[in-house]
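This is what each chain is made of:
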Amino acid sequence: MLPLPGDDEVLRALVHRRDSGRRDDGHRIALVVSGGGMRGAYAGGMAHALDDAGLGHCFDVVYGSSAGAYIGGALLLGDGRGAAHIFFEDMACRAFVDPRRLGTRRPVVSLDHLLDHILTIAKPMSWEDLRDSPVPLRVIATAADDLTPHVLEPATVEEWRLALRATAAIPVLAGPAVALHGRRWIDGSVAEPLPVLRALRDGSTHVLALLNRTLPELRAGDPGAGPARWARALDRFAPGLGAMTQESVRHGPALAVLDDAGHPSRSGVHLRAVLPLSDVGVHGLTIDRRRVELATRIGYASLEAAVESVAAA
């Protein structure tokens, strides 16, 4: 299987910024972090590797949907290690994810546990520093009324907490839509799991995309089976929502750009995706600590290998 056509100039530009200590290169370098629930462990490991390589502070803007927004936020705050370790140390537990709650009044994924315990006590997030970060975090959420993706624009600490809840709020699975700025929002990865096209439209000259799926998974699309129980329930919440959650629908637009070096959207820009080197069976609701930790290690090794290949060249 042919690899995704990638441009190592993205990594070279980051390494140059790190080594020179300068950012006056005329570039706009964006980091795009994929969503996907506990699959985010792969991208979390990549963020850890970016931080350890001294590249975490070299971006001009960061985009993230769902888990990707949390990972991007941690990296901006200088906690790449936490972006990885939070998955197996704190999130891989039934307090956060418990499929047995499906069909009850309690969500399968507890955003209350994430925001009020994990990000407050176990691994506190500095909402003030995130609000004041000179490098912006673009949090993607899906409007509940028309299922279109948008960048949220929180201004206060409380709005930042709401924005991070909104980008992960999947009805039926992770709680109700979140009200912010006069609209109701649900999980950003429903409509835009990998905001590569958005980063390009916003004028980025270099884009590094961290993915949570191997290449065979990305290209396989959906196996053709009927919609899952939770997908049918989503359709009752908003007609068409269940269909949008299917892999081929959600990842199709981004994959079309990533998989085609001649795509019009890539004209004059540099785009590089980093994918997990292997798949260990971590999916959106996986809480097997051993496998989740292994996913973070694979993500770390995948990004590390990409940077080392550029350094060697």
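Right above here is the structure, for reference.
I will try to describe carefully the structure that is included in this document.

Conventions adopted
Residues numbered from 1 in each chain as written. Predicted model: local features only at pLDDT ≥ 70, side-chain atom pairs only at ≥ 80, totals over all residues. Heavy atoms only, no water. Helix = DSSP H or I, 4+ residues; strand = E, 2+ residues; numbered from the N terminus. Expected span 1.5 Å × (residues − 1). Buried < 20%, exposed > 50% of the residue type's maximum accessible area, 1.4 Å probe, protein only. Contact = heavy atoms within 4.5 Å. Salt bridge = Lys/Arg side-chain N within 4 Å of Asp/Glu carboxyl O. Pairing = 2+ DSSP bridges. Right-handed = clockwise from strand over helix to strand, strands pointing away. Core = buried A, V, L, I, M, F, W, Y, C linked by side-chain atoms within 4.5 Å. Polar contact = N/O pair within 3.5 Å; in protein donor to acceptor, adjacent residues only side chain to side chain. Axes fitted to C-alpha atoms, helices over the stretch in contact; angles between N-to-C directions. Left-handed = near helix turned anticlockwise from the far one by under 90°.

### Brief notes about helix α14 (residues 289–312)
Every α-helix winds through 3.6 residues per turn, so residues three or four apart in the chain are directed the same way.
Phase 1: In this model, α14 (24 residues) spans 34 Å end to end at C-alpha, consistent with the 34 Å of a helix rising 1.5 Å per residue.
Phase 2: Listed in full, the buried residues belonging to α14 are Val292, Ala295, Thr296, Ile298, Gly299, Ser302, Leu303, Ala306, Val307 and Val310.
Phase 3: Looking at the buried residues of α14, the elements they touch are α1 (9–20), α2 (40–52), α4 (80–91), β7 (206–210) and β8 (270–274).

### Let's talk about the pattern of salt bridges
Phase 1: Per the stated rule, a full pass over the model turns up 21 salt bridges.
Phase 2: Arg12 is the salt-bridge partner of Glu9, the closest N and O atoms lying 3.1 Å from each other. Of the two residues, Glu9 and Arg12 both sit in helix α1, three residues apart, roughly one turn of that helix.
Phase 3: Judged by relative accessible area, Arg12 falls into the partly exposed class, the value being 39%.
Phase 4: Put simply, Arg17 and Asp60 hold a salt bridge, and the shortest N to O gap is 3.0 Å. Taken together, the positions of Arg17 in helix α1 and Asp60 in the loop between α2 and β2 (61–65) put the pair 43 residues apart, joining distant regions of the chain.
Phase 5: Residues joined in a network through salt bridges with shared partners are Arg17, Arg23, Asp25 and Asp60.

### Looking at the pairing of β2
Phase 1: Among the five residues of β2, five are classified as buried, and the element is accordingly described as predominantly covered.
Phase 2: Both faces of β2 are covered, namely the face carrying Val61, Tyr63 and Ser65 and the face carrying Val62 and Gly64.
Phase 3: Across four bridges, strand β1 (residues 29–33) lies against β2 in parallel orientation. Bridge pairing in β2 links Val33 to Gly64.
Phase 4: As for the winding sense of the linkage, the β-α-β connection from β1 through α2 to β2 is right-handed.
Phase 5: Where β2 and strand β3 (residues 137–143) come together, four bridges link them in parallel fashion. Bridged to Gly64 within β3 is Val139.

### As for unusual backbone geometry
Phase 1: The phi dihedral of Leu147 falls on the positive side, at around 60°, and the residue is not glycine.
Phase 2: Checked against the element boundaries, Leu147 lands in the loop between β3 and β4 (149–151).
Phase 3: What makes Leu147 buried here is its relative accessible area of 12%.
Phase 4: Phi is positive for His181, which is not a glycine, with a value near 55°.
Phase 5: In this structure, His181 sits in the loop between β5 (178–180) and β6 (183–187).
Phase 6: Its relative accessible area of 48% is what places His181 among the partly exposed residues.

### What to know about the pairing of β1
Phase 1: The element β1 is extensively covered by neighbouring structure, given that five of its five residues are classed as buried.
Phase 2: In β1, alternate side chains face the same way, and those of Ile29, Leu31 and Val33 on one face and Ala30 and Val32 on the other are all buried.

### Overview of the nonpolar core
One recurring pattern in soluble globular proteins: nonpolar side chains tend to sit buried together.
Phase 1: In terms of nonpolar packing, the biggest core is built from 75 residues, with Leu31, Leu50, Phe87, Leu119, Leu208 and Leu210 touching the most fellow members.
Phase 2: Here Leu31 is in contact with Leu50, Phe59, Val61, Val62, Tyr63, Leu75, Leu208 and Leu210, once residues within four sequence places are set aside.
Phase 3: Judged by nonpolar contacts, the second largest core, of 22 residues, contains Ala30, Val32, Val61 and Leu200.

### Digging into helix α5 (residues 111–122)
Phase 1: Taking 1.5 Å as the rise per residue, α5 with 12 residues should run 16 Å; its terminal C-alpha atoms sit only 14 Å apart, a clear shortfall.
Phase 2: Along α5, the residues that are buried comprise Leu111, His113, Leu114, Leu115, Ile118 and Leu119.
Phase 3: Buried residues in α5 make contact with α3 (67–76), α4, α6 (127–131) and α7 (157–166).

### A short note on the side chain of Asp187
Phase 1: Tracing the backbone through its elements, the reader meets Asp187 in strand β6.
Phase 2: Here the side chain of Asp187 touches Ser66 through a polar contact of 3.3 Å, side chain to side chain.
Phase 3: Setting aside anything within four residues of it in sequence, one finds Asp187 in contact with Ser66, Thr142, Ala166, Thr167, Ala168, Ala169 and Ile170.

### Notes on the packing of α3 against α4
Phase 1: Their axes nearest at 7 Å, the elements α3 and α4 cross at an angle of 145°. Like other packed secondary-structure pairs, α3 and α4 cross with a definite hand, here right-handed. Together, Ala67, Ile71, Ala74 and Leu75 of α3 and Gly80, Ala83 and Phe87 of α4 make up the contact between the two elements.

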